[in-house]
Amino acid sequence: MFVLRQCLTLGTKSSIRNFSATTNLVNLTINEDTGVAIMELNKPPVNSLNYELLEAMHRTLVKLENEKCPGMILTSSSRSTFSAGLDLLEMYKPTVDKARRFWSMLQNTWIKLYSTPYPTVAAINGHSPAGGCLLAMSCEHRIMVPDKMIGLNETQLGIVAPQWFQDCMRNIIGERQAEKALIAGRMFTSEEALKIGLVDELATDKEDLMQKAHDFLDEQMGLPPLARSVVKVGFRKDTLSKLINGREADIKMFLDNVFQPKVQESLENYIQMLKKK
Ligand SMILES: CCCCC/C=C\CCCC/C=C/C(=O)SCCNC(=O)CCNC(=O)[C@H](O)C(C)(C)COP(=O)(O)OP(=O)(O)OC[C@H]1O[C@@H](n2cnc3c(N)ncnc32)[C@H](O)[C@@H]1OP(=O)(O)O
């Protein structure tokens, strides 16, 4: 039985089920029998990742880890989009402080999500460009509904996916496919993504998607958790350490790029284009 409870303060596993009480940017549902968490991104219309959404995700991930969550499904409340990636408005004419705070929270959230000891599965129920693809790639398993698009499209926007975005892709689809996809900023249909291994399974609809996500977690939760998590983090440690040891340099890269007049011009045009659609 799934129980969703609104709450105002953080508390024990049995009493707290929604951590974004003031904004509801993240809906958290926990199965009281199995402990499985469903983290649903809920920033309409397209779950663009602004500071507040990233912070709500980070807070939820910390809480789940502290409460020894046995498994988590990441999904979206939107019918069209899993996540539209980084919020373009966070990068358009920001102050230095705002840009730094934003990028630092993106790093925090990714580090937490990529390194969870418990199994994670992305139930990708919509489009998943750029930062949305990063979130999906940070989970251990990806299941996607048909006829949507996923990929790191940064090159097509005239920007460069940061090294850790690229590493995540390389770890999943291998050097050659990642190089081709990243150079082109290629977006894949669900079916193409399955073919190259960017997603692991396709689902027929949302119900099937969630069933398959639970099936994956059931299988993982049958394994000895400590051994499971040691192997997982072992596989991910090089990618994680690169960012953890280079956080300041990565922030500097972002700040150096985001304030370039050409980047601001591209951003403005892209935002206008999306609004006119
Ligand atoms: C980009 C420059 C960065 C410079 C910094 C330099 C380097 C650092 C590297 C940064 C790495 C960047 C990673 C990213 O994630 S960048 C974001 C990339 N995202 C996209 O390209 C996706 C853009 N969105 C879409 O393609 C579509 O919206 C969709 C996700 C396919 C959904 O389509 P649909 O359901 O038809 O919705 P709409 O297009 O009508 O959009 C609804 C409203 O949402 C606004 N929107 C969409 N995406 C974003 C976004 N990423 N950020 C903020 N707002 C977004 C859109 O404008 C509509 O607004 P409106 O209702 O006011 O018209």
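Residues numbered from 1 in each chain as written. Predicted model: local features only at pLDDT ≥ 70, side-chain atom pairs only at ≥ 80, totals over all residues. Heavy atoms only, no water.

Note the cut-off: UniProt positions are given in the numbering used here, feature names are shortened, and annotations may be inferred rather than shown by experiment.
As annotated in an unreviewed UniProt entry, the protein chain carries the name Enoyl-CoA delta isomerase 1, mitochondrial and comes from Nezara viridula. Here is the UniProt Subcellular location (unreviewed entry) comment for the protein chain, exactly as written: "Mitochondrion matrix". The record in UniProt for the protein chain states the following under Subunit (unreviewed entry): "Homotrimer."

So, the overall build of the protein chain
Here is the rule we go by: The helix count covers DSSP runs of H or I at least four residues long, the strand count covers runs of E at least two residues long, and both are numbered beginning at the N terminus. Radius of gyration: over C-alpha atoms. The globule rule applied is 2.2 Å multiplied by the number of residues raised to the 0.38 power. The contact criterion used throughout is that any non-hydrogen atoms of two residues lie within 4.5 Å. Throughout, the Shrake-Rupley method with a 1.4 Å probe supplies accessible areas, and for residues the shown protein chains are the sole cover considered. The charge count includes Lys and Arg as positive and Asp and Glu as negative, but it does not include His or the ends of the chains. For this purpose, a charge sits on NZ of Lys, CZ of Arg, CG of Asp or CD of Glu.
Helices and strands together make up the secondary structure of the protein chain, namely eleven helices and ten strands. Its C-alpha atoms give the protein chain a radius of gyration of 18 Å, within 12% of the compact-globule value 19 Å for 277 residues. Relative to all contacts within the protein chain whose residues are 6 or more apart in sequence, the contacts with residues 24 or more apart total 70%. Put simply, the protein chain shows about 13,100 Å² of open surface, and 57% of that area lies on carbon and sulfur atoms. Each charge class in the protein chain can be summarised by its mean position, and for the 33 positive and 32 negative side chains these summaries are 3 Å apart.

Notes on the pattern of salt bridges
What counts here: We define a salt bridge as a contact between a side-chain nitrogen of Lys or Arg and a carboxyl oxygen of Asp or Glu at a distance within 4 Å.
Tallied over the entire structure, the rule returns 16 salt bridges. Put simply, D167, R170, E175 and K242 are held in one network by salt bridges that share partners.

Brief notes about the site of the ligand
Short version of the rule: It suffices for a single heavy atom of a residue to lie within 4 Å of a molecule or strand for the residue to be listed as near it. Within 3.5 Å is the distance limit for a polar contact, defined as a pair of N or O atoms, with the added protein rule that one can donate a hydrogen and the other accept it, and that residues adjacent in sequence qualify only through two side-chain atoms. Cavities and pockets are defined on a 1 Å grid built over the protein atoms alone: a cavity is a set of grid points where a 1.4 Å probe fits but cannot escape, while a pocket is an open set with protein on both sides within 12 Å along at least five of seven lines, and lining residues are those with an atom within 4 Å of any such point. Any molecule with more than half of its atoms within 2 Å of a cavity's or pocket's grid points is regarded as sitting in that cavity or pocket.
Taken together, the neighbourhood of the ligand is formed by 30 residues, with A84, L86, Y270, K275 and K277 sitting nearest. A distance of 3.1 Å separates an oxygen atom of the ligand from a polar side-chain atom of N153. The side chain of K275 places a nitrogen or oxygen atom 2.8 Å from an oxygen atom of the ligand. Protein burial of the ligand: of its 1,200 Å² of free accessible surface, 80% is covered by the chains. When each cavity is represented as a set of grid points, the ligand is found to reside in the largest pocket. Counting residues per element, the ones that place at least two in the shell around the ligand are α2 (88–91), α10 (247–258) and α11 (261–276). Considering every element that reaches the shell around the ligand, the biggest residue donor is α11, with five residues.

What to know about the sheet that holds strand β9 (residues 188–189)
Adjacent strands of a sheet pair through backbone hydrogen bonds, lying either parallel or antiparallel. The condition is simple: One requirement defines pairing of two strands: DSSP has to find at least two bridges between them.
The mixed open sheet is built from three strands, whose spatial order is β6-β8-β9. Lying at the two open borders of the sheet, with one neighbouring strand each, are β6 (128–129) and β9. Note: strand β8 (residues 149–151) against β9, two bridges, orientation antiparallel. Across the sheet, residue I150 finds its bridge partner in β9, namely F188.

Describing the layout of surface pockets
Stated formally: Grid points are joined across faces, edges and corners, and a volume is the space filled by probe spheres set on the points. Residues were grouped as follows: Ala, Val, Leu, Ile, Met, Phe, Trp, Tyr, Cys and Pro as nonpolar; Asp, Glu, Lys and Arg as charged; and all remaining residues, including Gly, as polar.
By volume, the largest pocket is sized at about 1,100 Å³. Lining the largest pocket are 42 residues; nearest its centre among them are A84, L86, L88, Y270 and L274. Considering each element in turn, the lining of the largest pocket owes the most residues, eight residues, to α11. Each residue belonging to the lining of the largest pocket can be placed in one class, and the counts come to 27 nonpolar, ten polar and five charged.

Remarks on the pairing of strand β2 (residues 26–31)
Worth spelling out the cut-off: Think of it in three bands: with a 1.4 Å probe and only protein chains considered, a residue is buried below 20% of the maximum accessible area for its type, exposed above 50%, and partly exposed in between.
Most of β2 sits out of view: six of its six residues are buried. Burial along β2 is two-sided: V26, L28 and I30 facing one way and N27, T29 and N31 facing the other are all buried. Sheet topology note: the β2/strand β3 (residues 37–41) ladder contains five bridges and is antiparallel. Looking at β3, one finds that T29 is bridged to I38.

Focus on the packing of helix α4 (residues 131–138) against helix α5 (residues 163–173)
As a reminder, the rule being used: A fitted line through C-alpha atoms serves as each axis, taken over the contacting stretch for helices, and the angle formed by two N-to-C directions is quoted from 0 to 180°. Angle categories are assigned with fixed cut-offs, so that under 35 degrees is roughly parallel, over 145 is roughly antiparallel, 65 to 115 is roughly perpendicular, and the rest are oblique. Crossings are assigned a handedness: left-handed for a near helix turned anticlockwise from the far helix by less than a right angle, right-handed for a clockwise turn.
Between α4 and α5, whose axes approach to 10 Å, the crossing angle comes to 50 degrees. With respect to their mutual orientation, α4 and α5 come out oblique. In this structure, α4 meets α5 at a crossing whose hand is left-handed. Contacts from G131, L134 and M137 in α4 reach W164, F165, C168, M169 and I172 in α5. Taken together, the residues of the contact of α4 with α5 break down into seven nonpolar, one polar and no charged.

Some points on unusual backbone geometry
Of note, the amide linkage connecting P44 to P45 takes the cis form, showing an omega dihedral of 5 degrees. By the element assignment, P45 lies in the loop between β3 and α1 (51–66). With a phi angle near 55 degrees, K68 is a residue other than glycine that sits in the positive phi range. As for its placement among the helices and strands, K68 is situated in the loop between α1 and β4 (72–76).

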